[in-house]
Amino acid sequence: MSEAASTHVALAKSTTKQAPHPQAHPRPGGAAAGTALLPSLAPLLHDWLPRQRWFAGKGHPVAGFTLVSATEILPVDSSTTGPGLLHLLVRVHQPGLPARATGDCYQLLLGVRTTLPPSLASALIGRVTDGPLAGRTVYEGLHDPRLAGLLLERFRRPGPLGALRFERAETIPAGLAPRLLDTEQSNSSLVFGDAYILKILRRVFPGTNPDLELPLALVGEGCGRVPAPVAWFEATTPEPLTLGVLQPFLRGAEDGWQLALAALAEGRDFVPEARALGRATAEVHAALASALPGPDLRLPGTEQLVAGMTQRLESTAQAVPALLPYVPALHAAFEAVAELGHRGRSWATHRVHGDLHLGQTLRAADGFWSLIDFEGEPARPLAERRSPQPPVRDVAGMLRSFDYAARSHRPWSDAWAERCRSAYCEGYADVSGTDPRSEPELLRAHETDKAVYEVLYEARHRPDWLPVPMAAIQRLAAST
């Protein structure tokens, strides 16, 4: 994965690329200036980046970098030892990932000091030996409360800053202390004084991220099931890239995954909560159908949907041989949807959450459920995540989540999961008027597709969890 930084110095100077037109920085001649910045950081990034939880290219060597933009949020002043905050967008080139030939683009917030205090030792990236930051120590800036607080100040005074632009929808108070959460895998989050939470998107894509786009649309429809965006920032290079979203922090709320595990540990049912979650999901879907409707899924779209599911099944079976005996039966689940399409069946589509599970839900003290994290599955291309889908895709994700919760407890209870699944669908029907189980072929196909995704994920990242989706694969294969 990574090698010692010293082995990369020559490679970095020869393969690190510079964008043809680097973005402006706020202070000409500052640390963000010139073509020497990224080559001087490259040896450190070669070693540090692959070790980050949010780095998507693990297991593939890094060949070089391209600087997309560099902005000094707090200028690095050579006359002082105080910290500076440098915002970088860096494209990482990994030849082993041909599907992303142009390289993934990552957002980095680098603190810069002459000497790193002991309290920030765990945030260390390394000491720069040459270039505009020579002799300075570089570290993960979000760990530094002084630097993290600057982001909230930028929201309070919105507008452009170099390659960045800050926007806000309402007034934000000053003086809220930041703290970095350590629970996320694909992004980073800061909580400010238990009033706001800022999600920093690490791997960024051209276009508006669904985690900003969908909550704004839901708020516009008067849907209260999502925390309304308070502020956000983006890069202006050359197409806008969403970089972060500030939302109210739901103090005292508990996520659905932890609540479900607590119910299991105490031997309690989760039926009332599951039913309420079904109603909340249906309310969100109704608002999304109004704000961001899609075309009906007819034969060409159905064939494309089935083709994508089939391709994912076949490629996963090659990577995880344990799946191979079930491929014919699982393929039949997809073909059942294709057959309905050939008979003239169509389904409504609209924008959906895209990665709905218990961990993407929060219940307030009064029992009110909210849905969060509308980014979709980070591994999927942004264009796919922004495309309209049958709403049953979200339903299938939540049904799989109940199964995951049940199987995380020993002894595992299939009956517990089934009661939750039924209650969730019933709650959904209470609001939508349609029980998702009334379209069994489409629901089974999406559950199967989700289970296949889980098999690949667990095989790569958590092999001990592989029996959980494999049990679902066995059940789904037997039902076709």
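Our subject is the structure that appears above.
Quick caveat: nothing in here was measured; it's all calculated off a predicted structure.

Colleague: What's the story with the overall build of the chain in this structure? I'm lost.
Modeller: Within the chain one finds 13 helices and 17 strands. Taken over the C-alpha trace, the chain has a radius of gyration of 24 Å; the compact-globule value for 480 residues is 23 Å, and the two agree within 12%. Burial statistics for the chain: of 480 residues in total, 52% are counted as buried. The contacts in the chain between residues at least 6 apart in sequence include a share of 68% that link residues at least 24 apart.

Colleague: Help me out: how do you make sense of helix H3 (residues 145-156) in this one?
Modeller: Note on helix geometry: an α-helix contains 3.6 residues per turn, so any two residues three or four positions apart are oriented the same way. The first and last C-alpha atoms of H3 sit 17 Å apart over 12 residues, in line with the 16 Å expected at 1.5 Å per residue. What H3 keeps buried is the set Leu147, Ala148, Gly149, Leu151, Leu152, Arg154 and Phe155. If you check the start of H3, you find a side-chain oxygen 3.0 Å away from the backbone N of Arg146, and it comes from Asp144.

Colleague: What is the right way to look at the nonpolar core in this model?
Modeller: Side chains of a nonpolar character, in soluble globular proteins, are inclined to be buried together. With 67 residues, the main nonpolar core has Leu218, Phe270, Leu323, Leu358, Phe402, Trp416 and Tyr424 as its most contacted residues. Tallying contributions element by element places helix H10 (residues 392-407) first for this core, with 9 residues. Not counting the four nearest positions on each side in its chain, Leu358 is found in contact with Asp255, Gly256, Trp257, Ala260, Phe270, Leu277, Met398, Ser401, Phe402 and Ala405.

Colleague: How should the sheet that holds strand E8 (residues 164-168) be read in this particular structure?
Modeller: Across a sheet, paired strands are connected by hydrogen bonds in the backbone, their directions being either parallel or antiparallel. Spatial ordering of the open sheet is given by E7-E8-E13-E14-E11-E10-E9, a layout of 7 strands whose pairing is antiparallel. A single partner strand is all that each edge strand has here, and the edge strands are strand E7 (159-161) and strand E9 (178-180). Sheet twist, expressed as the average angle between the axes of neighbouring strands with direction ignored, equals 25 degrees. The pairing of E9 with strand E10 (residues 187-192) spans 3 bridges and is classified as antiparallel. Across the sheet, the residue bridging to Pro178 is Phe192, located in E10. Sheet contacts for H3: E7, E8, E9, E10, strand E11 (196-201), strand E13 (231-237) and strand E14 (239-248); angle to E8, the most-contacted strand, approximately 65 degrees. Where helix H4 (residues 210-220) meets the sheet, it contacts E11, E13 and E14, and its direction lies at approximately 60 degrees from that of E14.

Colleague: Hey, could you run me through the pattern of salt bridges in this one?
Modeller: When the charged atoms of two side chains with opposite charge come close together, those side chains can pair. Here the structure, examined in full by the defined rule, presents 35 salt bridges. Residue Asp194 is joined to Arg179 by a salt bridge in which the shortest nitrogen-to-oxygen separation is 2.8 Å. Of this pair, Asp194 sits in the loop between E10 and E11 while Arg179 sits in strand E9; the two residues are 15 residues apart in sequence, bridging distant segments of the chain. A relative accessible area of 28% places Asp194 in the partly exposed class. Here Glu458 makes a salt bridge to Arg462, at a shortest N to O gap of 2.7 Å.

Colleague: Looking at this structure, I do not really get the environment of Leu161. What am I missing?
Modeller: Within the fold, Leu161 resides in strand E7. The class for Leu161 is buried, based on a relative accessible area of 11%. Each C-alpha atom of the pair Leu161 and Leu362 lies 34 Å from the other, and the pair is 201 residues apart in sequence.

Colleague: Sorry if this is basic, but what is going on with the environment of Leu305 here?
Modeller: Counting through the fold element by element, Leu305 comes out in helix H7 (residues 299-319). The contact partners of Leu305, leaving out residues within four places of it in the chain, are Leu297, Leu442 and His446.

Rules and cut-offs
- Per chain, residues are indexed from 1 in the order of the written sequence.
- The predicted nature of this model means local features are confined to residues of pLDDT at least 70 and side-chain atom pairs, given and counted, to a pLDDT of 80 or more, with totals for whole chains, interfaces and linings taken over all residues.
- Based on all heavy atoms of the structure, the side-chain values leave hydrogens and waters out of the count.
- Runs of E in the DSSP output that reach at least two residues are strands. Runs of H or I that reach at least four are helices, and both are numbered from the N terminus.
- With C-alpha atoms as the basis for the radius of gyration, the globule rule is written as 2.2 Å multiplied by the number of residues raised to the power 0.38.
- Under the scheme applied here, a residue whose accessible area is under 20% of the maximum for its type counts as buried, over 50% as exposed, and between as partly exposed, the area being computed with a 1.4 Å probe on protein chains only.
- Should any heavy atoms of two residues lie within 4.5 Å, those residues are counted as being in contact.
- Helix span, as expected, comes to 1.5 Å for every residue beyond the first.
- We call two N or O atoms a polar contact when they sit within 3.5 Å, provided that within protein one can donate a hydrogen and the other can accept it, with sequence-adjacent residues counted only if both atoms are side-chain atoms.
- Residues belong to one nonpolar core when they are buried, are Ala, Val, Leu, Ile, Met, Phe, Trp, Tyr or Cys, and are joined through side-chain atoms within 4.5 Å.
- Following DSSP output, two strands are said to pair if at least two bridges run between them.
- An axis is simply a line fitted to the C-alpha atoms; with a helix, the fit covers only the stretch in contact. Between two such axes, the angle follows the N-to-C directions and lies from 0 to 180 degrees.
- For salt bridges, the criterion is a side-chain nitrogen of Lys or Arg within 4 Å of an Asp or Glu carboxyl oxygen.

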